[in-house]
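Residues per chain are reported as follows:
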Amino acid sequence: MKTPSILIVAILSLFLSPSCSKKSNSHTQTCQIITVTDQYGTSTTTYNITYDNNNRISTEQYTSSGTATSRVFTYLGNTVIVATTAGTVNSRDSLTINSDGLIASDYYSDNNSNSSNTIYTYSGTEVLKSVLTQGANPPQTSTYTWTNGDMTGANQNGTSSTYTYNTKASQSGDYWQIVQLVNFGGFFVRTAHQLAGYQTGTTIENINYTYDNTGKITNVTGTQNTTVENITYQYMCN
């Protein structure tokens, strides 16, 4: 799955798993995404996700460009350990989660002696800044702007992005949520509405959603000139 430029950061995993709810006459049903099929051009990647008894993401597995990736999540108070195996690379993220369930810091290391640390600054639940420190390289700072609960702008080392939204409330399976779920395992961007499009430099993408009769998102289509990405879901409901 391609990601907007502000998501190309050092973190590999986050914390919370999204869910959707629908009302019935007798009970509230909780639905979680367990399979994501992402078709981008001629390439198709399928993500398989499991959850623990507390409805937190437990494992994620997928194969991309011939490389099998597996992630295992362990929860220790406000710390989440994410162990990732991708081909011959074994890596570990140690995440500190703040009181809003968003990442405060992420220390990453792998078996190739690479390491990095990312620190996030928030105003409430709106991320304002992230600073990535990696080896002897100068720190990389990204800043973010918000309007009415939606992230509408970002600047990452001089590269600017703008974002637009539809009027529907953010929910499981919308673009921000699914990008973060499959790439990171949780959230550091939490918006009020569903992303409808973005522009980074001369790259423009428009995003459309398809819903079932209960309101769950079943398909996300991203169109970038003549290139189309289709994302479909399978849910498990309890």
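Just so it is clear, the model here is predicted, and its values are computed rather than measured.

### Notes on the overall build of the protein chain
The helix and strand inventory of the protein chain stands at one helix and 17 strands. In the protein chain, which comprises 238 residues, the share counted as buried stands at 42%. Of the contacts formed within the protein chain by residues at least 6 apart in sequence, a portion of 44% connects residues at least 24 apart.

### Regarding the packing of aromatic side chains
Scanning the model with the defined rule gives seven aromatic pairs in all. Taking 4.7 Å as the distance between ring centres and 45 degrees as the angle between the ring planes, the aromatic pair formed by Tyr47 and Tyr62 counts as tilted. Of this pair, Tyr47 sits in strand E3 (residues 43-51) while Tyr62 is found in strand E4 (residues 57-64), placing the two residues 15 residues apart along the sequence. With a relative accessible area of 15%, Tyr62 lands in the buried category. Judged by centre distance (5.5 Å) and plane angle (45 degrees), the ring pair of Tyr120 and Phe188 falls under tilted. On the criterion of sequence distance, the pair formed by Tyr120 in strand E9 (residues 115-123) and Phe188 in the loop between helix H1 (175-184) and strand E14 (193-200) is long-range, its members being 68 residues apart. Accessibility expressed as a relative area gives 0% for Phe188, which makes it buried. Between the NZ or CZ atom of Arg56 and the centre of the ring of Tyr75, over which it lies, the distance is 4.1 Å. Positioned over the ring face of Tyr211 is Lys168, at 4.9 Å from the centre of the ring.

### Quick word on the environment of Tyr165
Looking at the secondary structure, you find Tyr165 in strand E13 (residues 159-169). Relative accessible area serves as the criterion here: at 18%, Tyr165 is assigned to the buried category. Residues Tyr165 and Ile207, 42 residues apart in the sequence, show an inter-C-alpha distance of 9.4 Å. Excluding anything up to four places from it in sequence, Tyr165 contacts Asp150, Met151, Thr152, Trp176, Thr191, His193, Gln194, Leu195 and Ala196. Of the polar contacts made by the side chain of Tyr165, one reaches the side chain of Trp176; its length is 3.1 Å.

### Details of the side chain of Gln180
By the element assignment, Gln180 lies in helix H1. A residue is classified by how much of its surface remains accessible, and Gln180, at 0% relative accessible area, is buried. Here the side chain of Gln180 touches Phe188 through a polar contact of 2.8 Å, landing on its backbone nitrogen. In this structure the side chain of Gln180 is engaged in a polar contact, spanning 2.9 Å, whose partner is the backbone oxygen of Val189.

### A few points about the environment of Glu205
Of note, Glu205 is situated in strand E15 (residues 203-211). Residue Glu205 is classed as buried on the basis of its relative accessible area, which comes to 1%. Separated by 20 residues in the primary sequence, Glu205 and Asn225 have C-alpha atoms spaced 7.7 Å apart.

### Points about the state of the cysteines
By definition, a disulfide links the sulfur atoms of two cysteine residues through a covalent bond. For the structure on display, the rule yields one disulfide. One disulfide in the model links Cys31 with Cys237; its S-S distance is 2.1 Å. Between Cys31 and Cys237, the S-S torsion sits near 110 degrees, and that sign places the bridge as right-handed. Taken together, the residues Cys31 in strand E2 (residues 28-40) and Cys237 in strand E17 (residues 227-237) connect sequence positions 206 residues apart. Assessed through its relative accessible area of 29%, Cys237 is described here as partly exposed.

### Re the pairing of E17
Successive residues of a regular strand alternate their side chains across the two faces of the sheet. Bridge count for strand E16 (residues 217-224) against E17 is six bridges, and the pairing is antiparallel. Its bridge partner being in E17, Gly222 is matched across the sheet by Glu229.

### Remarks on the nonpolar core
A general tendency of soluble globular proteins is for nonpolar side chains to be buried together. Membership of the largest hydrophobic core comes to 44 residues, with the highest contact counts inside it found for Val36, Met151, Tyr163, Tyr175, Leu195, Val220 and Tyr233. Examining the composition of this core, we find that seven residues originate from one element, H1, more than from any other.

So, how was this worked out
- Residues numbered from 1 in each chain as written.
- Predicted model: local features only at pLDDT ≥ 70, side-chain atom pairs only at ≥ 80, totals over all residues.
- Heavy atoms only, no water.
- Helix = DSSP H or I, 4+ residues; strand = E, 2+ residues; numbered from the N terminus.
- Buried < 20%, exposed > 50% of the residue type's maximum accessible area, 1.4 Å probe, protein only.
- Contact = heavy atoms within 4.5 Å.
- Phe/Tyr/Trp six-rings, centres within 6.5 Å; stacked < 30°, edge-to-face > 60°.
- Lys NZ or Arg CZ within 6 Å of the ring centre and 35° of its normal.
- Polar contact = N/O pair within 3.5 Å; in protein donor to acceptor, adjacent residues only side chain to side chain.
- Disulfide = S-S within 2.5 Å.
- Pairing = 2+ DSSP bridges.
- Core = buried A, V, L, I, M, F, W, Y, C linked by side-chain atoms within 4.5 Å.

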